[in-house]
Amino acid sequence: AVAEEVAPRLREFKPQELSNTAWAFAAANHPTPALFGGDAFVRRCTSERGFVLENLAQLHQWQLWHDEIGADWPRLPPELAQRCHDAFCREEGAPSQLQRDVVASLLALRLELRQEVRTPQGYSLDAVVSHGGREVAVEVDGPWHFTGRTPTGATVLKRRQLRAAGWALLPVPYWEWDALRSKAAKQKYLRRKLEP
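Residues numbered from 1 in each chain as written. Predicted model: local features only at pLDDT ≥ 70, side-chain atom pairs only at ≥ 80, totals over all residues. Heavy atoms only, no water.

## Describing helix α7 (residues 97-108)
With 12 residues, α7 should reach 16 Å at 1.5 Å per residue; the first-to-last C-alpha distance of 17 Å fits that figure. Those residues of α7 not exposed but buried are Leu98, Gln99, Val102, Val103, Ser105 and Leu106. One side of α7 holds all its buried residues, which, seen down the axis, span an arc of 160°. At its buried positions, α7 is contacted by β1 (112-118), β2 (124-131), β3 (134-141), β6 (168-173), α9 (174-178) and α10 (183-194). Positive phi appears at Arg110, one or two residues downstream of α7, with a value of about 60°. (Helix = DSSP H or I, 4+ residues; strand = E, 2+ residues; numbered from the N terminus. Expected span 1.5 Å × (residues − 1). Buried < 20%, exposed > 50% of the residue type's maximum accessible area, 1.4 Å probe, protein only. Arc of directions from axis to C-beta. Contact = heavy atoms within 4.5 Å.)

Dropping the structure here:
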């Protein structure tokens, strides 16, 4: 219903409204040919010059979703797609105390580990460990990744798109980690989570 309402009114949309709409459909994982199936959305984005970095980053995630679901809709033109990718990659990760604690426990397990890894899609991973002949992306999710204990749309979208790109994913929710009272308990938790 939203897509059918929006499609004929795209020319009225400001940059933030265009990117928010695209991102919302991507986060909800709700394909809608009524809005994205023709070339109107991409033409409108291409003609718009007022996108700020956040808008471009959202459009990048929309394009990743495009690839994720194998949509045959029109794609962003290469120059705009590159600007979107660059904007998405611009944000540098800053490890939290929670992340540093999880990394210390991973190192105590003597795992080969890299921190703040950038994927080809542009996502920043908190850590990547080699385990059982595969690389596992470890995402340390603090309170801002959740509403209550339900992952936010941004968290759901990132997890889904990482898995679609072939990553084995180990999310570490803050409340599970905070419940662990000893170094031994933390290492046991990580060993158990890495096994599947």
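## A few points about the nonpolar core
Membership of the largest hydrophobic core comes to 39 residues, with the highest contact counts inside it found for Phe36, Phe41, Leu59, Trp62 and Leu76. Where this core is concerned, the elements lending two or more residues are α1 (2-6), α2 (15-28), α3 (33-36), α4 (40-47), α5 (53-68), α6 (78-89), β2 and α8 (153-164). For Leu59, the contacting residues outside a window of four places in its chain are Ser19, Ala22, Phe41, Cys45, Phe51, Leu76 and Cys84. Counting 20 residues, the second largest nonpolar core, distinct from the first, contains Val103, Ala127, Leu170 and Val172. (Core = buried A, V, L, I, M, F, W, Y, C linked by side-chain atoms within 4.5 Å.)

## A word on the packing of α7 against α10
Put simply, α7 and α10 touch, their axes get as near as 9 Å, and they point 80° apart. Compared by their axis directions, α7 and α10 come out roughly perpendicular. Residues Asp101, Val102, Ser105, Leu106 and Ala108 of α7 form the contact with α10, whose participating residues are Lys186, Gln187 and Leu190. (Axes fitted to C-alpha atoms, helices over the stretch in contact; angles between N-to-C directions. Parallel < 35°, antiparallel > 145°, perpendicular 65-115°, else oblique.)

## Some points on the pattern of salt bridges
Within the structure shown, the criterion is met by 11 salt bridges. For Asp101, the salt bridge identified is with Lys186, shortest N-O distance 2.7 Å. You can see Asp101 sitting in helix α7 and its partner Lys186 sitting in helix α10, a full 85 residues away along the chain. Residue Asp101 is classed as partly exposed on the basis of its relative accessible area of 24%. Judged by its relative accessible area of 15%, Lys186 is buried. By sharing partners, the salt bridges in this structure join Glu5, Arg9 and Glu12 into a single network. (Salt bridge = Lys/Arg side-chain N within 4 Å of Asp/Glu carboxyl O.)

## Here's the deal with α10
Between its first and last C-alpha, α10 extends 17 Å over 12 residues, near the 16 Å set by a 1.5 Å rise per residue. Buried within α10 we find Lys186, Gln187, Tyr189, Leu190 and Leu194. One face of α10 carries all of its buried residues, which in axial projection span an arc of 155°. Those residues of α10 that are exposed and aimed more than 90 degrees away from the buried face are Ala184, Lys188 and Arg192.

The values reported here are purely geometric and, on their own, carry no functional implication.
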